[in-house]
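Breakdown of the fold
Below, each chain spelled out in residue letters.
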Amino acid sequence: MKSLEEALHHKIGMGTAPLGNMFREVPEEEAQTTIQTAWDQGVRYFDTAPFYGAGLAEMRVGEVLSDYNRDDYVISTKVGRYVLDEKEDKEGLFQYARDNKVVTDYTEDATKRSIEQSLERLNTDRLDMVFVHDVSPDFHGEEWTAKFEEARKGAFRVLTQLREEGVIRSWGLGVNATEPIELAMMLEETQPDVCLSATQYTLLQHEHALQRMMPTAEKKGIDIVVGSPYNSGVLLGGDHYNYEKAGPEILDHVNQLNKIGEKYDVPLKAAALQFSTAHPAVKAVIPGSTHPGRIQEDIEMIQRDIPKEFWDELKQEGFISTNAPLPTSR
């Protein structure tokens with residue numbers, strides 16, 4: 001079984017939320033080609049979840065990876081949701097998903113059910129890392145602390161036991177906010193050892209994460225995987241920021257970053273990937289895509305030489321925190 005470090009190629013894994021038909025319907029051939037291209041480019045870490053298309057992303061990942069030796073790659077998926085045969089109307093992020101009903105539940109029984117379903121969809125006999133998904137205010141509002149408590153008594157205990165038994169290697173939270181990770185890291189009876197932080201430690205948004213989440217993770221030796229390093233694509237010219245339509249203030253911010261990037265011939269994709277992975281707590285970054293060519297581009301961009309003057313100007317202009325670790329010139 002590969003460790004995460006052994007599976008990584010330039011700290012890059014592959015996020016598969018877009019392959020669950022997020023924002024649009026992705027043809028099967030395009031999805032399969034994207035995953036295959038990632039493999040061919042040396043990617044050996046794939047992150048997925050039942051929520052991504054009501055199991056669609058997991059099925060697509062499983063279809064491609066089942067052709068390879070299971071010891072040669074690392075899979076992380078998530079619990080907190082399971083999928084029914086019952087149908088439902090879709091809306092929101094995954095309006096183009098499979099029409100199976102998705103149930104949110106962080107209890108012990110639901111966690112076990114979610115894992116069993118994921119193993120089947122992924123066509124594998126084991127999982128490497130498991131994240132408790134979206135137990136956070138952006139999904140549950142004021143109820144998030146009650147959901148966190150449900151997860152603490154259910155999912156956290158199940159995953160801790162599975163880790164102790166060697167069934168999984170690691171577990172943690174997979175969320176779009178820092179507070180749940182901070183809270184989980186302070187628990188004593190169930191201690192995560194890796195957490196997926198999406199949108200929160202990026203070139204565009206990182207100040208809050210630097211206050212508590214990142215220092216605590218580094219101190220406790222808890223690995224961080226950075227998801228959505230482009231903040232849902234807005235850093236690359238898209239119109240979504242953190243899974244919603246980007247407002248004029250964010251678009252103006254990105255435009256100013258682009259101007260500085262053009263001045264030093266630095267694409268924002270390169271800056272984003274290298275910024276997120278410069279922090280010592282970050283073990284991997286997992287950009288997602290449905291375009292095969294973007295995978296090779298990601299690997300090229302994370303290796304691209306970026307002059308120190310670029311980072312200096314970003315810091316001087318207040319676009320990055322003075323406390324943020326910066327990449328060293330290659």
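Everything that follows concerns the structure shown earlier in this document.
It should be emphasised that the depicted structure is a prediction, and the values quoted were computed from it without experimental measurement.

1. Observations concerning the sheet that holds strand β8 (residues 194–198)
Taken together, eight strands build an open sheet; the order of strands is β1-β2-β3-β6-β7-β8-β9-β12 and the sheet is parallel. At either margin of the open sheet sits one strand with a lone partner, and together these are β1 (14–15) and β12 (282–286). Here four bridges tie strand β9 (residues 223–227) to β12, and the two strands are oriented parallel to one another. Of the residues in β12, the one forming a bridge with Val225 is Ala284.

2. A short note on the environment of Ala155
Within the secondary structure layout, Ala155 lies in helix α7 (residues 155–164). Overall, Ala155 belongs to the buried group, its relative accessible area being 0%. In this structure the C-alpha to C-alpha distance between Ala155 and Trp39, which are 116 residues apart in sequence, comes to 31 Å. In this structure Ala155 touches Val79, Tyr106, Thr107, Thr111, Val132 and Glu150, once residues within four positions along its chain are discounted.

3. Some points on the pairing of strand β3 (residues 74–79)
Counting buried positions along β3 gives six out of six residues, so the element sits mostly inside the fold. Burial along β3 is two-sided: the face carrying Val74, Ser76 and Lys78 and the face carrying Ile75, Thr77 and Val79 are both buried. Where strand β2 (residues 45–47) lies against β3, three bridges are found, and the strand directions are parallel. Directly across from Phe46, in β3, lies its bridge partner Ile75. In terms of handedness, the path from β2 via helix α3 (residues 56–65) over to β3 forms a crossover that is right-handed. Here β3 runs beside strand β6 (residues 129–133); their pairing, made up of four bridges, is parallel. Its bridge partner being in β6, Ser76 is matched across the sheet by Met129.

Here is what the cut-offs are and how they apply
Residues numbered from 1 in each chain as written. Predicted model: local features only at pLDDT ≥ 70, side-chain atom pairs only at ≥ 80, totals over all residues. Heavy atoms only, no water. Pairing = 2+ DSSP bridges. Helix = DSSP H or I, 4+ residues; strand = E, 2+ residues; numbered from the N terminus. Buried < 20%, exposed > 50% of the residue type's maximum accessible area, 1.4 Å probe, protein only. Contact = heavy atoms within 4.5 Å. Right-handed = clockwise from strand over helix to strand, strands pointing away.

Keep in mind these values describe shape, not function.
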